[in-house]
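The residues making up each chain are set out below.
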Amino acid sequence: MNNNNINFRVHRTKAGTICELVCAATMLLSIVLSFVLSFNDKHVAEAMITQALSLGTGVLLTLVLAYRPETFNIPDDSPAELFVATVNFLRATAVLMSLLSLGITLGAACSFHPLPVLIGFGIAMAVVLFIYIVKQLRYSPKKKKKKQ
């Protein structure tokens, strides 16, 4: 189960670039709105700036991991589709985290409770995770039974 023998590279694609631009735009908007909130309410602004920077760090790390498939715990005999599914899962997770940050910040700016945003994120993340698990089960190498 060591991926040192895997020669799988993730190249820049149009879909990856669009994903990164969407993440960058939503995180930048979230951070800017958090700083704008700091002029109105200091207590809310500190929490919003902290969550925006924390989720921004998580988004950045998730996008970097999408380009490092050797860090995944995938068996050596797995097909390339499993690596592609993992990269797509990480990119979808990054987009969802950036949208979560923007939703929480907009909720604080408009003074509504963040619970609907959190529920929406949880449902979307559960759907993405379910799709990834189905793909992982489909593409995982099958174990051969030993003859006795």
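What counts as what
Residues numbered from 1 in each chain as written. Predicted model: local features only at pLDDT ≥ 70, side-chain atom pairs only at ≥ 80, totals over all residues. Heavy atoms only, no water. Helix = DSSP H or I, 4+ residues; strand = E, 2+ residues; numbered from the N terminus. Expected span 1.5 Å × (residues − 1). Buried < 20%, exposed > 50% of the residue type's maximum accessible area, 1.4 Å probe, protein only. Contact = heavy atoms within 4.5 Å. Patch = residues over 30% accessible without salt bridge, like charges linked within 9 Å, V, L, I, M, F, W, Y side chains within 5 Å. Areas by Shrake-Rupley, 256 points an atom, 1.4 Å probe, with all protein chains shown as cover. Salt bridge = Lys/Arg side-chain N within 4 Å of Asp/Glu carboxyl O.

1. Quick look at helix 4 (residues 115-139)
With 25 residues, helix 4 should reach 36 Å at 1.5 Å per residue; the first-to-last C-alpha distance of 36 Å fits that figure. For helix 4, the complete set of buried residues consists of Val 117, Met 125, Val 128 and Tyr 132. For helix 4, the secondary structure elements touched by its buried residues are helix 3 (80-109).

2. Focus: the environment of Ser 78
Following the sequence through the fold, Ser 78 ends up in the loop between helix 2 (42-65) and helix 3. Relative accessible area serves as the criterion here: at 11%, Ser 78 is assigned to the buried category. Considering only alpha carbons, one finds Ser 78 and Pro 141, 63 residues apart in sequence, at a separation of 5.6 Å.

3. Focus on a nonpolar patch on the surface
There is a patch of nonpolar side chains on the surface, built from Leu 115, Leu 118, Ile 119, Ile 123, Val 127, Phe 130, Ile 131 and Val 134 and spanning about 720 Å² of accessible area. Structurally, the position occupied by Val 127 is in helix 4. A relative accessible area of 45% places Val 127 in the partly exposed class.

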